[in-house]
Amino acid sequence: MTQEKKDNASKDAKGKVGVYICYCGGNISDHVDVEQVRDRVEQLPEVAVARTNMFMCSDPGQALIMDDLKNGTVDRVVVASCAPSLHETTFRAAIARAGGNPYIYDHANIREQVSWVHHGDKATDKATRLVSMAAAKAEQLKPLEPIRVEARRHATVIGGGVAGLKAAKELADRGIRVVLVEKSPFLGGQLANLDRLAPTGEKAADLIQALCRQVLNHRLITIHACATVTAVDGYVGNFNLEITRQAPVETTDANKLGRLRPADRVAGKYVPAAGVATGNVPTTSETITVETGVVVMATGFKSYRPQPGEYGFGNFKEVITLPDLIQRMAEEKHLGNMLSLDGRPIRSMAMIHCVGSRQIPGIHPESPDGHLNEYCSRTCCSATLNAASTIRRRYPGTRVYECYRDIRTYGRGAEDLYEQAGRNQVVFLRFEAEDAPQVVSGQPNQHDYPLTVKIKDTLTFDEELDVPVDLVVLATGIEANPVHDLVEMMKLPVGMDRFLLEVHPKLRPVELPIAGILLAGTCQAPMDVGEACNAAGAAAVKAAALLGKGAVELDPFVAEVDLSKCQGHGSCVEACLSDGALTMVEMSVDGKTVKRAQVTPALCLGCGACTSVCPENAIEVAGWTLKQYEAMVDRIMAEPEAV
């Protein structure tokens, strides 16, 4: 054989893995010599071609992969870039568009795992090993087919606030039957506690009533009031929910319902600070089973309740929260030039920002359950400024002091509220977190004002001021409604802030890791009404897309049992982290009835816990087999010159 033929034979024998390495606009290439990594991995026996691009996730970057697949240069793909959670879907879709199987792809994270934590030669060497490891695995990848499960064209929305109502309506308008589960007898949620919305001035009651009319009258929406979800099983497309309904027992709900005539209940009358009555209130306890395809979590929020003594709350009747003020102002008649609450004129009032938000360890006291709300609740500043301006406009005889750490008026038109408050002669006093205002009893020389706010004002070079007031209003933050039972039943992820945690805030903003369970509104994070409605609309679109084809396709990275090896020990079932994903079933083998492990693919997490405990190695996770792991480990342990 001639040398030329030998070279051609050697070339033909070389593997067909394509490696595509990203500069990430400098995020990677500032610390990793990307071209050197390319040169090294191109020498690997399984690698047919190695290419680089400034942004591999861009259209030109994806085109490199697609062209090599189409012309037969490669049949396996490795992308070395940022975390796979960001663009794994992007690259799988590109491979599919090129006519390839989307599961013949592996990913090497050389941004978070390399360039963000290493520098110089060490970064380049580590990146080379990670890419080499991915190439070794990719060579052994086999085409996989997605798991297809039938999907019921039905959705369940948990929560009857504005986000839940919006999601239910959007889904029903797309022809999907919806069950709306609300724990109270009323629809509208926290929005019913508001008077007018900032900065538009729109009446909250009008918005609620309009939305509720559409939901109550929609033929595809069924509402279960005074209801909670007490059991959940199944998987995307095929969830089974147990819903328990009970007659309202809370005094407030009972009193509000008692004020409604039967005709009002049927019509869905609006009750201030309660919402719209559903007209469907149980008188006895009952349990309902709902078969559904997707679940939309719209469980909402609650306002932070100050701890006893926090800024005088609970110690002085003149210290109230902003939600309390808004409700009481809505009930008060507009008389005279001075705000009056409970028949008491308010000559001067102080509003304190960030109560229950932006709490700092070591400065602010923890809640009884040991938590601090270190996040910004985002809507409080705008709401406080709007209330202050409203008071100054309606009641010019009432002085208003705003005590704040920072003003954060985000969103369209919200900054105007800040400027408007200044024009309306609201007095701003700024304090540092470690020098928070103190609320004490009024001083004898302050004309019988019941309270004094002591504050060190940084706007006047730390001048210590004693501000006499008739009222102190605490701008309380937003907390996620406690849904511990649902979190436990559905295995939902919860962030450090106790809000439900989405897969990715930009790429998958309304999805949870559990397929078929979606997020809408303030159960996810503090939002204003517009944002909550937008999130609900996004969740509805995502749910409709899942259910629209009558079936759902899931990634095939699930456990597979080799029945020729399985001996029925049951260790895998005991180790399984997902209820129902692995079971022992009876079957006939060589004329004998034996028990063998069986996987329900739609419930499998692909975690590999079962694989690690099987003594016969009879169970493996597709796409992550033991041989693939061994190839990766061998490549990591190889001598540097062999990588």
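To be clear, the structure that these remarks concern was listed above.
Read on for an overview of the structure. Note that the coordinates shown come from a computational prediction; the quantities given were computed from them, not determined experimentally.

Scoring rules and cut-offs
Residues numbered from 1 in each chain as written. Predicted model: local features only at pLDDT ≥ 70, side-chain atom pairs only at ≥ 80, totals over all residues. Heavy atoms only, no water. Helix = DSSP H or I, 4+ residues; strand = E, 2+ residues; numbered from the N terminus. Contact = heavy atoms within 4.5 Å. Pairing = 2+ DSSP bridges. Axes fitted to C-alpha atoms, helices over the stretch in contact; angles between N-to-C directions. Phe/Tyr/Trp six-rings, centres within 6.5 Å; stacked < 30°, edge-to-face > 60°. Lys NZ or Arg CZ within 6 Å of the ring centre and 35° of its normal. Parallel < 35°, antiparallel > 145°, perpendicular 65-115°, else oblique. Left-handed = near helix turned anticlockwise from the far one by under 90°. Nonpolar A, V, L, I, M, F, W, Y, C, P; charged D, E, K, R; others polar.

Attention now moves to the environment of L322. Turning to its location among the elements, L322 is positioned in helix α11 (residues 322–331). Distance in space between the C-alpha atoms of L322 and L474 is 5.6 Å, their sequence separation being 152 residues. Excluding residues within four positions of it along the chain, L322 makes contact with M351, A383, T384, A387, V473, L474 and A475.

Here the focus is the environment of M66. The residue M66 is located in helix α3 (residues 59–70) in this model. It is 9.6 Å that separates the C-alpha atoms of M66 and F91, two residues lying 25 residues apart in sequence. The contacts of M66, once residues within four sequence positions are left out, are A94, R97 and A98.

In this section: the sheet that holds strand β22 (residues 427–430). The 5 strands lie next to each other as β17-β26-β20-β21-β22, forming an open sheet whose pairing is parallel. Looking at which strands have only one partner, the edges of the open sheet turn out to be β17 (319–321) and β22. For this sheet, the mean inter-axis angle between neighbouring strands, taken without regard to orientation, is 25 degrees. Bridge count for β17 against strand β26 (residues 471–476) is 3 bridges, and the pairing is parallel. Bridging across to β26, I320 finds its partner in V473. With respect to the sheet, α11 is in contact with β17, β20 (348–355) and β26, its orientation differing from that of β17 by roughly 85 degrees. Along the sheet, helix α12 (residues 380–394) makes contact with β20, β21 (399–404), β22 and β26, crossing β21 at roughly 165 degrees.

Let us look at the packing of aromatic side chains. Following the criterion strictly, the structure yields 6 aromatic pairs and no others. Through successive ring pairs, a cluster of aromatic residues spans Y404, Y418 and F428. K137 extends its terminal NZ or CZ atom over the ring of W624, reaching a point 2.9 Å from the ring centre. Geometry around Y449 places R347 over its ring, the cationic atom sitting 3.9 Å from the centre.

Bridge analysis of strand β24 (residues 451–457) against strand β25 (residues 463–469) gives 7 bridges, and the strand direction is antiparallel. From the neighbouring strand, L451 faces β25, where its bridge partner is V469. Once β24 ends, the chain turns through 5 residues before running back antiparallel as β25, passing F461 with a positive phi of about 60 degrees.

Helix α6 (residues 120–139) packs onto helix α2 (residues 34–41) with a crossing angle of 40 degrees between their chain directions and a minimal axis gap of 9 Å. Here α2 lies oblique to α6, going by the angle between them. When the axes of α2 and α6 are compared, the crossing they make is right-handed. In this structure, α2 uses Q36, V37, R40 and V41 to contact α6, whose residues at the interface are T124, D125, A127, T128, V131 and S132. Classifying every residue of the contact of α2 with α6 by side-chain character gives 4 nonpolar, 4 polar and 2 charged.

Two numbers describe how α6 lies on helix α18 (residues 626–637): the axes approach to 8 Å, and their chain directions differ by 150 degrees. It follows that α6 is roughly antiparallel to α18 by the angle criterion. Seen along the crossing, α6 lies across α18 with a hand that is right-handed. Between α6 and α18, the contacting residues are R129, S132, M133, A136 and K137 on the first element and Q628, A631, M632, R635, I636 and M637 on the second. Of the residues that constitute the contact of α6 with α18, the class distribution is 6 nonpolar, 2 polar and 3 charged.

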